[in-house]
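Chain residues, written in single-letter form:
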Amino acid sequence: TEVFDVGSGFASSTWTPPAGTVLINACVTAVNIAGDAIVILHLYKNSSSFKRIERFTVSFQADAGYHISVIDQSSGSDTYEIYIEAEDPSYSVDGSSIKTWFMGTMV
């Protein structure tokens, strides 16, 4: 759910900010991870993994939030996206806006 989009830079799950310094924050909550697994949260820049965090998750954890925060220089045509992956394919993402969100701003 898009809360606000100043400058209309967010479309199709991708943020294309203007040129300058950007701050990106995202949180993704994975639910029902059935086994011990490494979970990776990626920040993609221009369709390639740019920054990431990895965390080992313990069996049968009801849900786990993964957070990433990055400052970068945008060219004005750079695109940013968030992806999550886990060794355990049975997990799902909690899509509620209170547990899974993406935020970008100029600094």
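Further up the page is the structure itself.
For every chain, the first residue of the written sequence is number 1, and numbering continues from 1 onward in sequence order. Given that this is a predicted model, residues contribute local features only at a pLDDT of at least 70 and side-chain atom pairs are listed and counted only at 80 or more, while totals for whole chains, interfaces and linings are drawn from all residues. Each side-chain value is derived from all of the structure's non-hydrogen atoms; neither hydrogens nor water enter the calculation.

Draft legend 1. Representation of unusual backbone geometry in the model. Positive phi outside glycine occurs at Ser8, with the angle close to 55 degrees. Mapped onto the elements of the fold, Ser8 is located in the segment before β1 (10-11). For Ser13, which is not glycine, the phi dihedral falls at a positive 65 degrees. Along the chain, Ser13 turns up in the loop between β1 and β2 (14-15). Helix numbers and strand numbers start at the N terminus; a helix is a DSSP run of H or I with at least 4 residues, a strand a run of E with at least 2.

Draft legend 2. Layout of the packing of aromatic side chains. Stacked, tilted and edge-to-face are the three classes applied to pairs of Phe, Tyr and Trp rings, where Trp contributes its six-membered ring and a pair requires centres within 6.5 Å; stacked means planes under 30 degrees apart, edge-to-face means over 60, and tilted covers the rest. Following the criterion strictly, the structure yields three aromatic pairs and no others. With 6.1 Å between their ring centres and 40 degrees between their planes, Trp15 and Tyr80 make a pair best called tilted. Residue Trp15 is located in strand β2, and its partner Tyr80 is located in strand β7 (residues 80-86); the two are separated by 65 residues in the primary sequence. Here the term buried applies to any residue with accessible area under 20% of the maximum for its type, exposed to any over 50%, and partly exposed to those in between, with areas from a 1.4 Å probe on protein chains only. We classify Trp15 as buried; its relative accessible area is 10%. Lysine NZ or arginine CZ positioned within 6 Å of the ring centre and within 35 degrees of the ring normal marks a charge as sitting over the ring. The ring of Phe50 has Lys45 sitting right over it, with the charged end atom 5.0 Å from the ring centre.

Draft legend 3. Structural detail: the nonpolar core. Take the buried Ala, Val, Leu, Ile, Met, Phe, Trp, Tyr and Cys residues and link them wherever side-chain atoms come within 4.5 Å; each set so joined is a nonpolar core. Counting 18 residues, the largest nonpolar core has Ile33, Tyr66 and Ile84 as its most contacted members. Contributing elements (two or more residues each) for this core: β3 (20-33), β4 (37-45), β6 (61-74) and β7. For this analysis, residues touch if any pair of their heavy atoms sits within 4.5 Å. Discounting residues that sit within four places of it in the chain, Ile84 has contacts with Val28, Ala30, Val39, Ile40, Leu41, Tyr66, Tyr91 and Val93.

Draft legend 4. Representation of the pairing of strand β5 (residues 48-57) within the structure. A pair of strands counts as paired when DSSP detects no fewer than two bridges linking them. Both β4 and β5 contribute to a ladder of nine bridges, which runs antiparallel. Its bridge partner being in β5, Ala37 is matched across the sheet by Thr57. Between the end of β4 and the start of β5, which pair antiparallel, lie two residues, with Asn46 showing a positive phi angle near 55 degrees.

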